[in-house]
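Survey of secondary and tertiary structure
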Amino acid sequence: MAIYAIGDIQGCFVQFQQLLRKIDFNPGKDGLWLTGDLVNRGPQSLEVLRWVYQHQDQVEIVLGNHDLHLLAVSEGLGKLHRDDTIHDILNAADGKVLLDWLRCQPLMLEGHGYAMVHAGLLPEWSIAKALRLAEEVEDGLAGPYYRDFLSRMYGNKPTRWSDDLKGGDRLRVIVNAMTRMRFVTRDGEIDLGFKGERDAAPAHLVPWFEAPNRRHAGTPVICGHWSALGVHLDEDVLSIDSGCLWGGSLTALRLDSRETVSLPCPAFREVAAQPAAR
Ligand SMILES: [Mn+2]
């Protein structure tokens, strides 16, 4: 039995299935963690969501920004973007069942000596604290007032964590860190403006996993979201979004050995045409 983590699929169902065959994934025996962003921008979001729903006993996921966007749009609380490819889910006969299931998925996981989150963690957060904060969002999303949560989710502010934050501001910082963040300032302020390669970043920004005094250091965090970073494996962070959608690859990480297997992918999206959309 093996547990694998696979990076952002974003509707690339064929490549997802090819990668499962390449790692000889056995659904009756092996476990699968997915870093989120199952859907959007790629060609077969509905097929990905159906497969994960059907294999939910073997698969654990964390929600990504595109998954949350899908939920908001499906409730009429988010605007459909020009390059969104989630219409097939919104129009599917089983769409409601799939969306209700997706809405009850976690923002963060811990197990097998790892934590997993779609984007990142703020330096003030220990793993235990981050799990509690993720639960606040999960309770909002799974509870009866989830439409209130989705209606207040969008926005880049506040940019900084404080234990005193309440209501929509508090939930937004948690969601933005865990599903959208790449860089922070050295004192831990979220910067959502720069989305490129780490070496091209302005001098005042550092990748979230290199911020000083990270209270979650010591537990390796598996994440996705940052395709321009590529596969980045070090002691404390295992970032595995290798840009399947953009003609990069789809990557699987075996948790016990930290071996990776990557499958080259055709480009469904032009990087140059949509730089801000990553
Ligand atoms: Mn993402």
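Cut-offs used in this document
Residues numbered from 1 in each chain as written. Predicted model: local features only at pLDDT ≥ 70, side-chain atom pairs only at ≥ 80, totals over all residues. Heavy atoms only, no water. Axes fitted to C-alpha atoms, helices over the stretch in contact; angles between N-to-C directions. Helix = DSSP H or I, 4+ residues; strand = E, 2+ residues; numbered from the N terminus. Parallel < 35°, antiparallel > 145°, perpendicular 65-115°, else oblique. Left-handed = near helix turned anticlockwise from the far one by under 90°. Contact = heavy atoms within 4.5 Å. Nonpolar A, V, L, I, M, F, W, Y, C, P; charged D, E, K, R; others polar. Buried < 20%, exposed > 50% of the residue type's maximum accessible area, 1.4 Å probe, protein only. Donors = N, O, S within 2.8 Å, 3.2 Å for Na, K, Ca; no water. Pairing = 2+ DSSP bridges. Core = buried A, V, L, I, M, F, W, Y, C linked by side-chain atoms within 4.5 Å. Phe/Tyr/Trp six-rings, centres within 6.5 Å; stacked < 30°, edge-to-face > 60°. Lys NZ or Arg CZ within 6 Å of the ring centre and 35° of its normal. Right-handed = clockwise from strand over helix to strand, strands pointing away.

Let us now look at the packing of helix α3 (residues 65-74) against helix α5 (residues 95-103). Where α3 contacts α5, the two axes come as close as 10 Å, and the packing angle between them is 130°. What the angle tells us is that α3 and α5 run oblique. Classified by chirality, the crossing of α5 by α3 is left-handed. Contact residues: Asp67, Leu70, Leu71 and Ser74 in α3; Leu99, Leu102 and Arg103 in α5. For the contact of α3 with α5, the per-class residue count stands at four nonpolar, one polar and two charged.

We now examine unusual backbone geometry. Along the chain, Lys157 connects to Pro158 via a cis peptide bond; the corresponding omega equals 0°. Phi angles above zero are rare outside glycine, and Asp24 is one such case at about 60°. A positive phi angle is found at His225, which is not glycine, with a value near 75°. Relative to the elements of secondary structure, His225 occurs in the loop between β9 (221-223) and β10 (232-233). Judged by relative accessible area, which is 4%, His225 ranks as buried.

What follows covers the coordination of the manganese ion. For a metal with four tetrahedral donors the ideal donor-metal-donor angle is 109.5 degrees, while six octahedral donors give ideal angles of 90 or 180 degrees. Protein coordination at the manganese ion: the donors are Asp37 (OD), Asn65 (OD1), His118 (NE2) and His225 (ND1), at 2.1 to 2.3 Å from the metal. Along the chain, the residues donating to the manganese ion fall in the pattern D-x27-N-x52-H-x106-H. One end of the pair, Asp37, is in the loop between β2 (31-34) and α2 (45-54); the other, His118, is in the loop between β5 (114-117) and α6 (127-142), and 81 residues separate them in sequence.

What follows deals with the sheet that holds strand β6 (residues 183-185). Whenever strands of a sheet pair, they do so through backbone hydrogen bonds, lying parallel or antiparallel. Spatially, β7-β6-β8 is the arrangement adopted by the three strands of the open sheet, whose pairing is antiparallel. This sheet does not close on itself; its edge strands, each paired only once, are β7 (190-191) and β8 (205-207). One ladder, built from three bridges, connects β6 with β8; its direction is antiparallel. Opposite Thr185, over in β8, you have Leu205 as the bridge partner.

Ile6, Phe16, Leu32, Leu34, Leu121 and Met178 are the most contacted members of the largest nonpolar core, which has 83 residues in total. If near-sequence neighbours (up to four positions away) are discounted, Leu34 is found in contact with Ile6, Ile9, Phe16, Val52, Val59, Glu60, Ile61, Val62 and Met116. The next biggest cluster of nonpolar side chains, apart from the first, holds twelve residues, and it includes Ala5, Trp33, Val62 and Met116.

As a further point, take the environment of Ala142. Following the sequence through the fold, Ala142 ends up in helix α6. Counting along the chain gives 42 residues from Ala142 to Asp100, while the straight-line C-alpha distance between them is 8.5 Å. Sequence-distant contacts of Ala142, defined by excluding residues within four places in its chain, comprise Arg103 and Cys104.

The next thing to look at is the packing of aromatic side chains. With the rule as written, the count across this model stands at seven aromatic pairs. Note on Phe209 and Trp226: the rings are 6.3 Å apart at their centroids and 50° apart in plane angle, and the pair reads as tilted. Remark: Trp226 occurs in the loop between β9 and β10 and Phe209 occurs in the loop between β8 and β9; sequence separation between them is 17 residues. Neither Phe209 nor Trp226 differs from the other in exposure class; each is buried. Taken together, the aromatic side chains of Phe183, Phe194, Trp208, Phe209 and Trp226 make up a single cluster linked through ring pairs. A cation over an aromatic ring shows up here: Arg103 above the ring of Tyr146, its NZ or CZ 3.6 Å from the ring centre.

Taking every second residue as pointing to the same face, both faces of β2 are buried, with Gly31 and Trp33 on one and Leu32 and Leu34 on the other. Note: strand β1 (residues 3-6) against β2, four bridges, orientation parallel. From the neighbouring strand, Ile6 faces β2, where its bridge partner is Leu34. For the crossover from β1 across helix α1 (residues 13-22) to β2, the handedness is right-handed. Sheet topology note: the β2/strand β3 (residues 59-61) ladder contains three bridges and is parallel. What sits directly across from Trp33, in β3, is Glu60. Where the polypeptide runs from β2 across α2 and back to β3, its parallel neighbour, the crossover connection is right-handed.

These results come straight from atomic positions and should not be treated as a statement about function.
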